[in-house]
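Here are the chains, one letter per residue:
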Amino acid sequence: MELSEKGGVENNGFVQNEAFDDKETDTNNQEEMPKTCIVVADPVEELVLKPYAGMPKEVLLKFSSQARYRVTREILFWLTIAAAVALVCATIAIIALSPKCLDWWQASPIYQIYPRSFKDSNKDGNGDLKGIQEKLDHITYLNVKTIWITSFYKSPLKDLGYGAEDFYDIDPMFGSMSDFENLLAAIHDRGLKVIMDLIPNHTSDKHRWFQLSRNRTGKYTDYYIWQDCAQAAGSITPPNNWVSVFGNSSWQFDDVRKQCYFHQFGKEQPDLNFRNHAVQQEIHDIIKFWLGKGIDGFSFSAVKFLLEATHLRNEPQVNKSQNPGSITAYSQLYHDYTTTQVGMHDIIRSFRQTMNQFSSEPGRYRFMGSDGDEKEDIEATMLYYGTTFIQEADFPFNFNLINMQNLSGNSIFEAVNLWMKNMPAGKWPNWAVGSPNAARISSQIGKEYVNVINMLLLTLPGTPVTYYGEEIGMENIASENVTFPEKSPMQWDDKVNAGFTEGNSSWLPVNSDYQSVNVEIQMTWSNSTLNLYRELASLRNKELPIQRGWMCYIWNDSNVFVYVRELDGLDKVFMMVLNFGQESTIDLKAIVPSLPSEAIVRLSTNFNNAGKAVDTKLIKTEMGEGLVLEYKTTKPVHTMEAFQGNCFVAEKACYSSVFNLLYMNC
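Residues numbered from 1 in each chain as written. Predicted model: local features only at pLDDT ≥ 70, side-chain atom pairs only at ≥ 80, totals over all residues. Heavy atoms only, no water.

An unreviewed UniProt entry lists the protein chain under the name Amino acid transporter heavy chain SLC3A1, with Calidris pygmaea given as the organism. Note on the protein chain: under the UniProt heading Subcellular location (unreviewed entry), the record states "Apical cell membrane". (UniProt positions renumbered as here; feature names shortened; annotations may be inferred.)

Below, the structure is given as structure tokens:
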């Protein structure tokens, strides 16, 4: 290594000596210094110098400005910018083109619990909130993620608790507010959701508001609907001919106020005056209270009764020749002035707006369901969905499958088609099997059809709603002495009282078939109603075509109802062949020529058939048998002109196998 004249070490043509200062060099002594000197360095201690170590800033800048360095830097810079922009654009495109993810109330079946009959935890013979908490594992076993608990407000229990004495408290029969909070926490800890009933139309006559109103106290004076009644010879003449849902006049004289109050239901359930804005605000406050507690949604009941005509005219008679004085039944009048009045939907939409205040947090959308006009008027029922620009209920509950008079493939088709063809575009359907106010499916249509009804429920598009006990095929209590045969206690095992209570008795008798129809024994049977329900719920959760794809009707007759579920971009199709009549054989390939010659049985009401191949030209089903067939095709049914009027989809989505994602523009 040679030192330069300045005494530094030469490195790639540059002098390296950081401690050397040119300004301190004595120029007079330069001649006395040797030009060069050779230094022999120990090879072991040789200093390894970095290529650009010691470069002055000016030199670095000189070289960095050369084209080969500058262009390379600029290329890398703009490539980085372009990549970032492309990534942002791709993200925006994916978001813009992706269909809306299914919300929690769309993605899972809803399990409806009548709390008094579900599970008793304190041996008093009445089901309660702690009992529900004890049985949450049953809900998760079913592959269900949403629980609907019917009314449990503090109440005198007239009409089974549907007239609240206090909307802010729990009836002691069901437990305490602390019990509810513990139940709510346990539900959410399992990743489940819970909705509860709210009946805003009326209260109990024991409610504080009514007691203040009958005494004409302040703002509460007009919280209810009061009218003068004519009195003659000790008898009361009501203001008009309006009749209660339960029969007889809907006007009741009050000895304290000396006026008649209006009640659409029982005389112990006076109607609130929703033309009073203070009453509306009270309901909004109740909604906020429970949403603040953490519930995930409400089912609003009896909402079509919220308003009545102010003119108080007599309602028209169904039979005009009938003596007006003999009218006592609700069915004898057209209820033009006491249901679905102008302004009712505005009130319901205001409830939705209040709930939206609690829905802004990601993953915490608050569901709103409502009852509708049921079978009376399908068009009126569809109004509860709201409009394109004004949100109302997420859906009105659909009881078409419960209201069927005669069971057949044709009647099932008519019940399904009635809802689908009238539902507004882009809305989400739902289907209820069982209800606290209707006979159980086994008792209504026969226990041999329970499995195929559940198969229908869990493979139709939309949200399935199951009433407790329908997953094991419970029946009504076969006794004339029981007032509510569809509300019998849940049958958990074959022990005394079916495992519902450890007390001596239950509030309603347990069905006598509990030793063979119960949860515990059906969990051990592979071919049980319970395990079929569980497998169907799992299939629905896993398979996109069943979860959110097209539904197309293929065939219906007196015995069978056949439809497919398919999704654009997926060659996998599911075809349901459901028998609601007698033994049947059908050639489906003649109806859909593009069908493959064979299809695989994915699920069957007879588990032994699962995995078998069936000839699509000759599909045989027994009475009450249901098949979920799976096959592959490149020509889905919804693209065929022959089936254009038979296909429905709530929100169009297409699957990309390349990117493993859904997009909208198919």
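Picking up after the structure, the text goes on.
J.: I'm lost on the overall build of the protein chain in this one. Help?
T.: Per the secondary structure count, the protein chain includes 17 helices and 28 strands. Taking 2.2 N^0.38 as the reference for a compact globule, 666 residues should give roughly 26 Å; the C-alpha atoms of the protein chain span a radius of gyration of 37 Å, well beyond that estimate. Principal-axis analysis of the C-alpha atoms places the extent of the protein chain at approximately 145 × 75 × 55 Å. Counting only residues that meet the buried cut, the protein chain has 52% of its 666 residues in that class. Summarising the internal contacts of the protein chain: among those between residues at least 6 apart in sequence, 67% fall at separations of at least 24. As presented, the protein chain carries roughly 31500 Å² of accessible surface, and 52% of it is formed by carbon and sulfur atoms. (Helix = DSSP H or I, 4+ residues; strand = E, 2+ residues; numbered from the N terminus. Rg over C-alpha atoms; globule rule 2.2 N^0.38 Å. Buried < 20%, exposed > 50% of the residue type's maximum accessible area, 1.4 Å probe, protein only. Contact = heavy atoms within 4.5 Å. Areas by Shrake-Rupley, 256 points an atom, 1.4 Å probe, with all protein chains shown as cover.)

J.: How should I be thinking about the sheet that holds strand β26 (residues 647-648) in this particular structure?
T.: Strand pairing in a sheet is mediated by backbone hydrogen bonds. Such pairs are either parallel or antiparallel. Reading across from one edge, β23-β22-β25-β20-β19-β18-β26 is the order of the seven strands in this open sheet, with antiparallel pairing throughout. The open sheet has two edge strands with one neighbour each: β23 (613-615) and β26. Sheet topology places strand β22 (residues 598-604) next to β23; three bridges connect them, and they run antiparallel. Residue pairing across strands places Ala 599 opposite Val 614, the latter belonging to β23. Along the sheet face, helix α11 (residues 409-422) touches β18 (550-556), β19 (560-566) and β26 and points at about 150 degrees away from the line of β18. Each of β20 (572-579), β22 and β25 (626-632) is contacted by helix α15 (residues 529-542), which is oriented at about 120 degrees to β22, the strand it contacts most. (Pairing = 2+ DSSP bridges. Axes fitted to C-alpha atoms, helices over the stretch in contact; angles between N-to-C directions.)

J.: What's the story with the sheet that holds strand β8 (residues 226-227) in this structure? I'm lost.
T.: Pairing in this open sheet of three strands is antiparallel, and the strands run β8-β12-β11 from one edge to the other. One side of each edge strand has no neighbouring strand; the edge strands of this open sheet are β8 and β11 (251-254). Direction of pairing for β8 relative to strand β12 (residues 259-262): antiparallel, over a ladder of two bridges. Within the sheet, the bridge partner assigned to Gln 227 lies in β12 and is Cys 260.

J.: Would you mind going over the nonpolar core with me for this structure?
T.: Burial of nonpolar side chains together is a common tendency in soluble globular proteins. Within the largest apolar cluster, 134 residues are counted, with the highest numbers of intra-cluster contacts made by Trp 290, Phe 298 and Phe 561. Core analysis: the next-biggest nonpolar cluster, separate from the first, contains 24 residues, Val 573, Val 614, Tyr 631 and Cys 647 among them. (Core = buried A, V, L, I, M, F, W, Y, C linked by side-chain atoms within 4.5 Å.)

J.: Help me out: how do you make sense of unusual backbone geometry in this one?
T.: The phi torsion of most residues other than glycine is negative, and most of the peptide bonds are trans. Positive phi, close to 65 degrees, is recorded for Lys 123, a residue that is not glycine. Locating Lys 123 in the fold gives a position in the loop between β3 (110-113) and α4 (129-134). In this structure, Asn 248 takes a positive phi of about 70 degrees despite not being glycine. Inspection of the secondary structure assignment puts Asn 248 in the loop between β10 (235-237) and β11. Judged by its relative accessible area of 48%, Asn 248 falls in the partly exposed class.

J.: Can you walk me through the confidence of the model for the protein chain in this structure?
T.: Parts of the model with low pLDDT should not have their predicted coordinates read in detail. The predicted model of the protein chain averages 90 in pLDDT, with 91% of residues at 70 or higher. Low confidence marks residues 1-37, where pLDDT is under 50. Its contacts with residues over four positions away, or in another chain, come to 35 contacts. (pLDDT = per-residue confidence, 0-100.)

J.: Would you take a moment to explain the UniProt feature "transmembrane region" (unreviewed entry) in the protein chain for this structure?
T.: In this numbering, the UniProt entry assigns the feature "transmembrane region" (unreviewed entry) to residues 75-97. From the first C-alpha to the last, residues 75-97 spans 32 Å; its make-up is 100% helix and 0% strand.

J.: For this particular structure, what's the right way to read helix α6 (residues 177-189)?
T.: Under the 1.5 Å per step criterion, the end-to-end length of α6 is 18 Å for 13 residues, consistent within 8% with the ideal 18 Å. What α6 keeps buried is the set Met 177, Asp 179, Phe 180, Leu 183, Leu 184, Ala 186 and Ile 187. Immediately downstream of α6, the backbone of Gly 191 shows phi near 75 degrees, a positive value. (Expected span 1.5 Å × (residues − 1).)

J.: Mind showing me how you'd approach the pattern of salt bridges here?
T.: Two side chains of opposite charge can pair, provided their charged atoms sit close to one another. Per the counting criterion, the structure on display carries 18 salt bridges. Among the ionic pairs, Lys 130 bridges to Asp 179, the shortest N-O distance being 3.9 Å. Residue Lys 130 is located in helix α4, and its partner Asp 179 is located in helix α6; the two are separated by 49 residues in the primary sequence. In this structure, Asp 346 and Arg 349 form a salt bridge, with 3.8 Å as the shortest nitrogen-oxygen distance. One end of the pair, Asp 346, and the other, Arg 349, are both in helix α9 (residues 344-356), three residues apart, so they sit about a helical turn from each other. (Salt bridge = Lys/Arg side-chain N within 4 Å of Asp/Glu carboxyl O.)

J.: Sorry, what's going on with the environment of Val 85 here?
T.: Of note, Val 85 is situated in helix α2 (residues 67-97). Placed 59 residues apart in sequence, Val 85 and Val 144 show a C-alpha to C-alpha distance of 42 Å.

J.: Please explain the packing of helix α8 (residues 277-293) against α9 as it appears in this structure.
T.: Packed helices, taken two at a time, are described by the angle their axes make and the gap between the axes. Closest axis-to-axis distance for the α8/α9 pair is 10 Å, and the angle between their directions is 35 degrees. Considering only the axes of α8 and α9, their crossing is right-handed. Residues Gln 280, Ile 283, His 284, Ile 287, Lys 288 and Leu 291 of α8 lie in contact with α9, whose contacting residues are Ile 347, Ser 350, Phe 351, Thr 354 and Met 355. A per-class count over the contact of α8 with α9 returns six nonpolar, four polar and one charged. (Left-handed = near helix turned anticlockwise from the far one by under 90°. Nonpolar A, V, L, I, M, F, W, Y, C, P; charged D, E, K, R; others polar.)

J.: For this particular structure, what's the right way to read the state of the cysteines?
T.: By definition, a disulfide links the sulfur atoms of two cysteines through a covalent bond. Enumeration according to the criterion identifies two disulfides in this entry. Between the sulfur atoms of Cys 229 and its disulfide partner Cys 260 the distance amounts to 1.7 Å. With Cys 229 in the loop between β8 and β9 (230-232) and Cys 260 in strand β12, this residue pair connects regions lying 31 residues apart in the sequence. Cys 260 gets classed as buried once you look at its relative accessible area, which sits at 1%. With its sulfur 2.0 Å from that of its partner, Cys 552 forms a disulfide with Cys 647. For the disulfide bridge between Cys 552 and Cys 647, the dihedral angle about the S-S bond is near 120 degrees, and by the sign convention the bridge is right-handed. Here Cys 552 is found in strand β18, whereas its partner Cys 647 is found in strand β26, with 95 residues between them in sequence. (Disulfide = S-S within 2.5 Å.)

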